[in-house]
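Read off the chains here:
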Amino acid sequence: AVLQPRTPLPSPSSVLPSSHDDYIVPMPPVSARSSLPPSPCLPSSISPSPPSSSPFTPINLTIPLTNMRTPGSDYSTPNGAARYYGDHSPIIVGPIPQLTNVADHVEPLNRRIFSCCCFSALGGFLFGYDIGIIAGVKEFVSFQQHFKYPSTSVLSLVVSVMIMGCIFGMGLSFAFGSFCDRFGRTRTIQWAAGIYTAGAILMAFSVDIWMLILGRFLGGVAIGQFCAAIPLYISEIAPPQYRGALVSPKSLFLAIGMFIAYTLTYIMLNTPNGWSICLGIPSVPSLFLAVGMIVTPEPPLWHLNRGHRMQAVRAVQALRKPALPANFEAAPASKWKDIFSTRRIIKTQLLGAAMFVLQQFIGINAVLYYAPEILRDMGFSV
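Parameters and conventions
Residues numbered from 1 in each chain as written. Predicted model: local features only at pLDDT ≥ 70, side-chain atom pairs only at ≥ 80, totals over all residues. Heavy atoms only, no water. Helix = DSSP H or I, 4+ residues; strand = E, 2+ residues; numbered from the N terminus. Buried < 20%, exposed > 50% of the residue type's maximum accessible area, 1.4 Å probe, protein only. Salt bridge = Lys/Arg side-chain N within 4 Å of Asp/Glu carboxyl O. Core = buried A, V, L, I, M, F, W, Y, C linked by side-chain atoms within 4.5 Å. Axes fitted to C-alpha atoms, helices over the stretch in contact; angles between N-to-C directions. Parallel < 35°, antiparallel > 145°, perpendicular 65-115°, else oblique. Contact = heavy atoms within 4.5 Å. Nonpolar A, V, L, I, M, F, W, Y, C, P; charged D, E, K, R; others polar. Polar contact = N/O pair within 3.5 Å; in protein donor to acceptor, adjacent residues only side chain to side chain. Left-handed = near helix turned anticlockwise from the far one by under 90°. Phe/Tyr/Trp six-rings, centres within 6.5 Å; stacked < 30°, edge-to-face > 60°. pLDDT = per-residue confidence, 0-100. Patch = residues over 30% accessible without salt bridge, like charges linked within 9 Å, V, L, I, M, F, W, Y side chains within 5 Å. Areas by Shrake-Rupley, 256 points an atom, 1.4 Å probe, with all protein chains shown as cover. Expected span 1.5 Å × (residues − 1). Bend = angle between axes of the 7 residues up to and from the residue.

**A short note on the overall build of the protein**
(1) Moving on: What the protein contains, in helices and strands, is 16 helices and seven strands.
(2) Moving on: For the protein, the proportion of its 382 residues judged to be buried stands at 44%.

**Focus on the pattern of salt bridges**
(1) Moving on: The tally for this structure, following the rule as stated, stands at five salt bridges.
(2) Moving on: Asp181 is the salt-bridge partner of Arg185, the closest N and O atoms lying 2.9 Å from each other.
(3) Moving on: Taken together, the salt bridges that share partners define one network made up of Asp181, Arg185 and Glu236.

**A look at the nonpolar core**
For soluble globular proteins, the rule of thumb is that nonpolar side chains tend to be buried together.
(1) Moving on: Residues Phe143, Ile189, Leu212, Phe226, Cys278 and Leu289 are the most contacted members of the largest nonpolar core, which totals 57 residues.
(2) Moving on: For this core, the element with the highest residue contribution is helix α8 (residues 209–237), accounting for eleven residues.

**A word on the packing of helix α2 (residues 111–120) against helix α13 (residues 309–319)**
(1) Moving on: Following both chains from N to C, one finds α2 and α13 inclined at 100°, their axes separated by 8 Å at the closest point. The pairing of α2 with α13 is recorded here as roughly perpendicular in orientation. Together, Arg112, Ile113 and Cys116 of α2 and Gln317, Ala318 and Leu319 of α13 make up the contact between the two elements.
(2) Moving on: Here the residues of the contact of α2 with α13 sort into four nonpolar, one polar and one charged.

**As for α2**
(1) Moving on: Among the residues of α2, those classed as buried are Ile113, Cys116, Cys117, Cys118, Phe119 and Ser120.
(2) Moving on: By the N-cap criterion, in which a side-chain oxygen at the helix start approaches the backbone nitrogen of a residue two or three places on, α2 is capped by Asn110, the distance to Arg112 being 3.0 Å.

**Here we look at the packing of α8 against helix α9 (residues 243–267)**
(1) Moving on: For the pair α8 and α9, interaxial distance at closest approach is 9 Å and the crossing angle is 150°. The orientation of α8 with respect to α9, classified from their angle, is roughly antiparallel. Note that α8 runs across α9; the crossing there is right-handed. Contacts from Phe226, Cys227, Ile230, Pro231, Ile234 and Ser235 in α8 reach Arg243, Leu246, Val247 and Lys250 in α9.

**Some words on the packing of aromatic side chains**
(1) Moving on: Scanning all chains against the criterion turns up seven aromatic pairs.
(2) Moving on: Each ring, one from Phe143 and one from Phe147, has its centre 4.8 Å from the other, and the planes form 55°; the classification is tilted. Considered together, Phe143 and Phe147 belong to a single accessibility category, that of buried residues.
(3) Moving on: Judged by centre distance (6.0 Å) and plane angle (40°), the ring pair of Phe168 and Phe217 falls under tilted.

**Let's talk about the confidence of the model for the protein**
(1) Moving on: In this model, the protein carries a mean pLDDT of 74, and residues with pLDDT of at least 70 account for 67%.
(2) Moving on: Predicted confidence is poor over residues 1–106, with pLDDT under 50, and the contacts of this stretch with residues over four places away or in other chains come to 177 contacts.

**So, a nonpolar patch on the surface**
(1) Moving on: Residues Ile362, Ile364, Val367, Ile374, Leu375, Met378 and Phe380 make up a contiguous nonpolar surface patch of about 650 Å² in total accessible area.
(2) Moving on: Listed by contribution, the elements that provide at least two residues to the nonpolar patch are α15 (364–369) and α16 (371–377).

**Remarks on helix α5 (residues 152–174)**
(1) Moving on: Helix length check: α5 (23 residues) gives 34 Å between terminal C-alpha atoms against 33 Å at 1.5 Å per residue, within 8%.
(2) Moving on: Of all the bends found along α5, the most pronounced is centred on Ser160 and spans about 35°.
(3) Moving on: Taken together, the buried positions of α5 are Leu155, Val158, Val159, Val161, Met162, Gly165, Cys166, Gly169 and Ser173.
(4) Moving on: Tucked inside the fold, the buried residues of α5 contact α3 (122–137), α4 (141–146), α6 (179–183), α8 and α15.

In structure tokens:
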């Protein structure tokens, strides 16, 4: 018997890790096995010796020719594992991989994954726009006149209520078993975009200051949902080696949103009802995000964790071109205690948490929300 690599030979990086072995021993039908002439080299067994050109690590595995298992079954041997697919099918010799991360066994990155990541990161743009727009709008003369020159404390409430909404929205994301886990990542983003759209329209057509505050609060709730769902969605559809790079556009879009908001308030400063236009403009991209997430596929891992195997296959096919191995499965569910399982993980968690906490304590939010007042006090004409 001549040992042959699988035909067509798969790429080790796209199907199996480099440490896995996968060889095929062609076998005759059962009816012909009894009449096989004895081989001087292989009297009762086959000891494969893979060709030197094989990309896999050679193995030393003996497969008896008799007492074969049922077709499709996996079984152990003294030196490894094997899978038998029937009388007229070959035996696959080598470890049978149990895939725990679908992204590890497909093409590293493609245009479809990149597009889904950037499109979902549009929520970061809405966050940045919401931060920058209120800083300039509250200085508009038309704004002051429409809301009858609100006091400083009321304006402070208008600014800070969005942060209160963020806290509420983030808490809501982790309540009731987590919205993202129960209803899906894309649906959570879709709902958040719908809430943001409603808040933006409410702010644009506010007749009093409390209506404006309610719209700001709804926008904050949506942003809290964005902050929980968008990084999770991107990290689950992105290949491991690109996760950090593909999550970063959310922060980039946040900065772009702030820049556009500051620029727009400068342009609309002397426009009648310019404050209403500025506050209502984000309803367009948020509505676009809500509609677009309807056709954006859920991460395959979410389907697997809920037992929807066929939906997971369709999600992989929608995100990636290569075929999915037939024996993939979801990784075991993680627990909260796992983030403290090793010293290395603890250090990583503490470093990441410290970066976020210290970023808030340096006071950058106060500068962003009150930039016009700060510049005016410094002697600039704004």
